[in-house]
Amino acid sequence: MKVIRSRRQRVCILIALLFVVLARESNASSRPKVRVLSTGGTIAGVQLNDEAPAYRAGTASAEDLIRAVPQAKKLADISVEQICNIGSQKMKNSIWLTLAKRLNEVLKDPDVDGVVITHGTDTMEETAYFLSLVSKSDKPVVMVGSMRPSTAISADGPMNLYNAIALAVNRNAKGRGVLVTLNDEIHYAREVEKSNTTGLNTFVSPNRGRAGLIQAGDAVFFSEPSLKYGLRSEFSVDLLAELPQVEIVYAYSNVGRDTIDYLVNKGVRGIVLAGAGEGNATDEALAGLQDAAKRGVAIVRSSRVGSGIVRRNIEVNDDRMGFIASGELNPQKARVLLMLGLTMTTDPNKLQNYYYEY
Ligand code: DGL
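Every value quoted in this text rests on a predicted model; they were computed, and no experiment measured them.

This next bit is on helix α3 (residues 93-108). Two residues of an α-helix separated by three or four positions point the same way, owing to the 3.6 residues in each turn. Given a rise of 1.5 Å per residue, 16 residues ought to cover 22 Å, and the 23 Å separating the end C-alpha atoms of α3 matches this to within 8%. Structurally, α3 contributes buried residues whose contacts are with β1 (33-40), β4 (77-86), β5 (114-118), α4 (124-134), β6 (141-144) and α9 (331-341).

Now the structure itself:
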């Protein structure tokens, strides 16, 4: 049947279609905009075959990750960038600098409301703390990973990623520094630690507690972030081409000074002691660290214990030996702060103050 429509009917149909298109456009433009910076990790992991649990981290692309959680498209307009695609145990200072500089560029973009960074969980706590000290914005920055690869039964990555995107557009997440979400929990970058090699509940904040909880995108915050970070941090990567070399020495019964002497002769700028108890070690190791301090190497005493604090002059006379006490920071985070501190000063007193302020 040939439908002849009057000129008026055709005009009405065109106007109606125009409204539909404009409505869709306005709805799309009204959604917040999230940039996902991907670096790899288990969240991008792919099993070698269906039967075996073995997998290769840093395999799936950023697009693959977003494709696995289509519901996230209702939360925000999402754009992705692949910074690298590695297991985070292979993270390097050079990648940190690239990631931090790109993050600050993206945060300056008025069309970006929040950033999600996908990352392995092995060193996420280190990258998160580093970025919290050098990112210059109040916009939400949320790091996310997973404990099961993307191909696993009940892979945890998609829900973790959905939560991360929900947090990145959550007004209450603004101004809290870099956040970490996994397993329906929210952690502050300074506090979070990986505590279990395989468990979904691996991330803990043993000293000051979780920042909050998040269920299917609905977040509840329990606490405010502590100390200095973000816009209140004096550290910057803008002029940095590399980070000072700082290594960690692990203490245990009978530990000697050979490793310490080797590092000093290699020219490291700082050494962090992962000490027994409240940052303790054998007399030999302490003598090696004292000689290192005399040669201008910055020495920070932290603890291998996993929670609590390391105070000055308790069993080790830091004043006499020229050491710095790490306070609440575990060895891997004490290293991050020492690297950035050494871009500003070599004065042990000024370096010590950083551990009270950050
Ligand atoms: N290869 C480890 C990493 O990329 C796996 C741990 C994970 O991402 O959960 O950190």
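On to the sheet that holds strand β16 (residues 324-325). Strands sit in the order β13-β14-β15-β16 across an open sheet of 4 strands; the sheet is parallel. The open sheet is flanked by β13 (246-250) and β16, the only strands paired with a single partner. Contacts from α9 reach β13, β14 (270-275) and β15 (298-303), with the element oriented near 160 degrees to β14.

Bringing the environment of G45 into the picture now. With respect to the helices and strands, the residue G45 is situated in the loop between β1 and β2 (46-47). Taking relative accessible area as the criterion, G45 reaches 0% and is therefore assigned buried. Measuring from C-alpha to C-alpha, the distance between G45 and A152 comes to 9.1 Å, with 107 residues separating the pair along the chain. For G45, the contacting residues outside a window of four places in its chain are Y55, R56, A57, G58, P149, S150 and T151.

We now examine helix α7 (residues 283-294). Between its terminal C-alpha atoms α7 stretches 16 Å, which fits the 16 Å expected from 12 residues at 1.5 Å a residue. Every buried residue of α7 is listed here: A285, L286, G288, L289, Q290, A292 and A293. One or two steps after α7, the chain reaches G296, where phi turns positive at roughly 90 degrees.

Our focus in this paragraph is the layout of surface pockets. Approximately 230 Å³ is the volume attributed to the largest pocket. Lining of the largest pocket is provided by 15 residues; of these, E125, K194, N330, P331 and Q332 occupy positions nearest its centre. Partitioning the lining of the largest pocket into residue classes produces 5 nonpolar, 4 polar and 6 charged. Quantified by volume, the second largest pocket comes out at close to 200 Å³. Lining the second largest pocket are 16 residues, with T42, Y55, A57, Q89 and D122 sitting closest to its centre. Considered class by class, the residues forming the lining of the second largest pocket number 3 nonpolar, 10 polar and 3 charged.

Here the focus is the sheet that holds β4. The strand order across the open sheet built from 8 strands is β4-β1-β5-β6-β7-β8-β11-β12, with neighbouring strands paired in mixed fashion. A single partner strand is all that each edge strand has here, and the edge strands are β4 and β12 (218-221). Across this sheet, the average inter-strand angle for adjacent strands is 25 degrees, counted without regard to direction. With 4 bridges joining them, β5 and β6 adopt parallel strand pairing. When the sheet's bridge partners are listed, T118 is paired in β6 with V144.

A complete count under the given rule lists 4 cavities of 30 Å³ or more for this structure. Volume-wise, the largest cavity comes out at about 110 Å³. Residue lining of the largest cavity: 14 residues in total, with Y188, R190, P225, S226 and Y229 positioned closest to the centre.

This part covers the site of the ligand. Around the ligand lies a shell of 13 residues, among which T42, S88, Q89, T121 and S146 are the nearest. Here an oxygen atom of the ligand sits 2.6 Å away from a polar atom, N or O, in the side chain of T121. For the ligand, an oxygen atom lies 2.5 Å from a polar atom in the backbone of S146. About the coverage of the ligand: the protein hides 94% of its 280 Å² of free accessible area. Among the detected pockets, the ligand sits in the second largest pocket. Counted by class, the shell around the ligand contains 3 nonpolar, 8 polar and 2 charged residues.

Glancing now at the packing of aromatic side chains. One pass over the full model with this rule turns up 4 aromatic pairs. Between F235 and Y354, the aromatic rings sit 5.0 Å apart at their centres with planes inclined by 65 degrees, giving edge-to-face as the arrangement. Note that F235 is positioned in the loop between β12 and β13 and Y354 in helix α10 (residues 348-357), a separation of 119 residues in sequence. Across the pair, Y354 and F235 agree in class, each one buried. Ring pairs connect the aromatic residues F235, Y354 and Y358, which therefore count as one cluster. The ring centre of F221 lies 3.8 Å from the NZ or CZ of R176, which sits over that ring. Across the ring face of Y229, the terminal group of R232 is positioned such that the distance to the ring centre comes to 5.2 Å.

Right, let's talk about the pattern of salt bridges for a bit. Applying the stated criterion across every chain, the model contains 19 salt bridges. Across the pair D64 and R67 runs a salt bridge, and its minimum N-O distance is 2.8 Å. Of the two residues, D64 and R67 are both situated in helix α2 (residues 62-67); the distance of 3 residues between them amounts to about one turn of the helix. Residue classification places R67 among the exposed residues on the basis of a relative accessible area of 55%. Between D122 and K194 there is a salt bridge, with the nearest N and O atoms lying 2.7 Å from each other. Taken together, the positions of D122 in the loop between β5 and α4 and K194 in strand β9 (residues 193-194) put the pair 72 residues apart, joining distant regions of the chain. In this structure K194 comes out as partly exposed when scored by relative accessible area, which is 23%. Salt bridges linked by common partners bring R35, E81, R102 and E105 together as one network.

Definitions and limits used
Residues numbered from 1 in each chain as written. Predicted model: local features only at pLDDT ≥ 70, side-chain atom pairs only at ≥ 80, totals over all residues. Heavy atoms only, no water. Helix = DSSP H or I, 4+ residues; strand = E, 2+ residues; numbered from the N terminus. Expected span 1.5 Å × (residues − 1). Contact = heavy atoms within 4.5 Å. Pairing = 2+ DSSP bridges. Axes fitted to C-alpha atoms, helices over the stretch in contact; angles between N-to-C directions. Buried < 20%, exposed > 50% of the residue type's maximum accessible area, 1.4 Å probe, protein only. 1 Å grid on protein atoms, 1.4 Å probe; cavity = no way out; pocket = protein on both sides within 12 Å on 5 of 7 lines; lining within 4 Å. Points joined across faces, edges and corners; volume = space filled by probe spheres on them. Nonpolar A, V, L, I, M, F, W, Y, C, P; charged D, E, K, R; others polar. Near = heavy atom within 4 Å. Polar contact = N/O pair within 3.5 Å; in protein donor to acceptor, adjacent residues only side chain to side chain. Areas by Shrake-Rupley, 256 points an atom, 1.4 Å probe, with all protein chains shown as cover. Sits in = over half its atoms within 2 Å of the grid points. Phe/Tyr/Trp six-rings, centres within 6.5 Å; stacked < 30°, edge-to-face > 60°. Lys NZ or Arg CZ within 6 Å of the ring centre and 35° of its normal. Salt bridge = Lys/Arg side-chain N within 4 Å of Asp/Glu carboxyl O.

In short, the description is geometric, and any link to function would need to be established separately.
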